[in-house]
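# Coordinate inspection notes
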Amino acid sequence: MVNILKYRGLCALFSVLLLASMIGVATYKLQTKGEIFTYSIDFTGGTQVLLKFNQKISATRLKEVLEQKGWDGVVIRDFSSTEYLVRVKEFSNDVKGLAERIRVAAQEVATDTQVTIEESEAVGPGVGASLRWKSIWAVIYALIAMLGYIAFRFWSLGFAVGAVAALFHDALVMLAVFLLFNREISINVIGAILAVLGYSINDTIVIFARIRDNIKTMGNASLYDIVNTSINQTMRRTLLTSFTTGLTVASMFILGGEALRDFSLALLVGIVFGTYSSIYIASPIMMLLYRK
């Protein structure tokens, strides 16, 4: 039997350092840019247009041309050397008309440049702000609901706090990855976070259920030995489930294109750290708070 819990202190240090890095980067961005995360149009409002060029162009030159045409604060994301996502703060009910004006302006980037519109969408600023707060509350409500469910299921505050602490850790890690790599937070990413919370809590419940059963059958053993034995007994199931799910998500990340890139990245990070937190976050915290 592997002494898995032997590394719980090292894993706790790793999690603390990761979250400390997130706080450091968040503080720096807040002081320099005024916002911690880079939000998609879902939350900021405005119009975004995906443009495809018939030749390679410079994103810097594209931004200069659009700003000369009167669009201030243009944000450019390159999907490839010929595909660029253009985001402007201007909102119009005539999305196609605004997208066409952006396309015409983009054609001035270089001589003989041909530009086509792949997709366009617009969100009002009030709707974007409302969605941001609703997304935050959706995650908070999910955590509170799971806290109550685990407390009722295992009739133990130690089990409940351990499980929710692991979920909170998973959500923070996913946000940390998007913060450190400057990826956008969108509605799809929030959906991925909620999906991972459900996935991770299921893994944690499997381990906790085995711990509860072993407490009854291994009454004379220490809690450390009971938890370590329970994790070993469920380890194969945990790793196989995470591996097979991870393969599917990894395929979506590699082959799904830029439209699914952030969504699949959040899922992939969540699966890896959801497995990690079920073992090295939920179980050790439960051990600290558990009372017979």
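Predicted model only: the values in this text are computed from it and were never measured.

## Describing the packing of helix H7 (residues 187-217) against helix H9 (residues 261-289)
As a packed pair, H7 and H9 sit with axes 8 Å apart at the nearest point and diverge in direction by 30°. The orientation of H7 relative to H9 falls into the category roughly parallel. Here H7 and H9 pass one another in a crossing that is right-handed.

## Here we look at the layout of surface pockets
There is about 600 Å³ of room inside the largest pocket. As for the largest pocket, its lining consists of 20 residues, and the residues nearest its centre are Glu35, Thr38, Tyr39, Val75 and Arg87. Of all the secondary-structure elements, those providing two or more residues to the lining of the largest pocket are helix H1 (8-33), strand S1 (38-39), strand S3 (75-78) and strand S4 (83-88). Across the lining of the largest pocket, the residue classes tally to 6 nonpolar, 5 polar and 9 charged.

## A closer look at the environment of Arg236
Position of Arg236 relative to the elements: it lies in helix H8 (residues 223-255). Separated by 48 residues in the primary sequence, Arg236 and Pro284 place their C-alpha atoms 20 Å from one another.

## Concerning the packing of aromatic side chains
Applying the stated criterion across every chain, the model contains 7 aromatic pairs. Clustering of aromatic rings is evident, with ring pairs tying together Phe14, Phe273, Tyr276 and Tyr280. One Lys or Arg, Arg261, reaches over the ring of Phe253 and ends 5.3 Å from the middle of that ring.

## Description of the sheet that holds S4
Ordered in space as S3-S4-S2-S5, the 4 strands form an open sheet in which the pairing is antiparallel. Only two strands of the sheet have a single partner each, and these edge strands are S3 and strand S5 (115-123). Each neighbouring strand pair of the sheet contributes to a mean axis angle of 20°, computed without reference to strand direction. Across 4 bridges, the pairing between S3 and S4 is antiparallel. Looking at the pairing, Asp78 lines up with Tyr84 of S4.

## Comments concerning the packing of H8 against H9
Running from N to C, H8 and H9 cross one another at 180°; their axes reach a closest spacing of 9 Å. Classed by the angle they form, the pair H8 and H9 counts as roughly antiparallel. In terms of residue class, the contact of H8 with H9 is built from 18 nonpolar, 7 polar and 1 charged.

## Quick notes on the environment of Trp71
In this structure, Trp71 sits in the loop between helix H3 (59-68) and S3. When the C-alpha atoms of Trp71 and Ala250 are compared, they prove to be 37 Å apart, with 179 residues separating the residues in sequence. For Trp71, the residues in contact, after removing those within four places along its chain, are Leu66, Val88, Glu90, Leu98, Arg101, Ile102 and Ala105.

## Details of the nonpolar core
Judged by nonpolar contacts, the single largest core of 58 residues is most densely connected at Ile185, Ile193, Leu197, Ile211, Ile231 and Met286. Those elements giving two or more residues to this core turn out to be H1, helix H5 (125-154), helix H6 (157-180), H7, H8 and H9. What Leu197 contacts, discounting residues up to four positions off in sequence, is Val139, Ala142, Leu143, Met146 and Leu167. Counting residues in each nonpolar core, the second largest holds 20 residues, with Ile57, Leu62, Ile76 and Ala99 among its members.

## Here we look at the side chain of Ser283
Following the sequence through the fold, Ser283 ends up in helix H9. Residue Ser283 is classed as buried on the basis of its relative accessible area, which comes to 0%. Only 3.3 Å separates the side chain of Ser283 from the backbone oxygen of Ser278, close enough to count as a polar contact. When near neighbours in sequence (up to four residues on either side) are disregarded, Ser283 contacts Ile207, Phe208, Ile211, Val227, Ile231 and Ser278.

Thresholds, definitions, all that
Residues numbered from 1 in each chain as written. Predicted model: local features only at pLDDT ≥ 70, side-chain atom pairs only at ≥ 80, totals over all residues. Heavy atoms only, no water. Axes fitted to C-alpha atoms, helices over the stretch in contact; angles between N-to-C directions. Helix = DSSP H or I, 4+ residues; strand = E, 2+ residues; numbered from the N terminus. Parallel < 35°, antiparallel > 145°, perpendicular 65-115°, else oblique. Left-handed = near helix turned anticlockwise from the far one by under 90°. 1 Å grid on protein atoms, 1.4 Å probe; cavity = no way out; pocket = protein on both sides within 12 Å on 5 of 7 lines; lining within 4 Å. Points joined across faces, edges and corners; volume = space filled by probe spheres on them. Nonpolar A, V, L, I, M, F, W, Y, C, P; charged D, E, K, R; others polar. Phe/Tyr/Trp six-rings, centres within 6.5 Å; stacked < 30°, edge-to-face > 60°. Lys NZ or Arg CZ within 6 Å of the ring centre and 35° of its normal. Pairing = 2+ DSSP bridges. Contact = heavy atoms within 4.5 Å. Core = buried A, V, L, I, M, F, W, Y, C linked by side-chain atoms within 4.5 Å. Buried < 20%, exposed > 50% of the residue type's maximum accessible area, 1.4 Å probe, protein only. Polar contact = N/O pair within 3.5 Å; in protein donor to acceptor, adjacent residues only side chain to side chain.

Function cannot be read off these values alone, since they describe shape.
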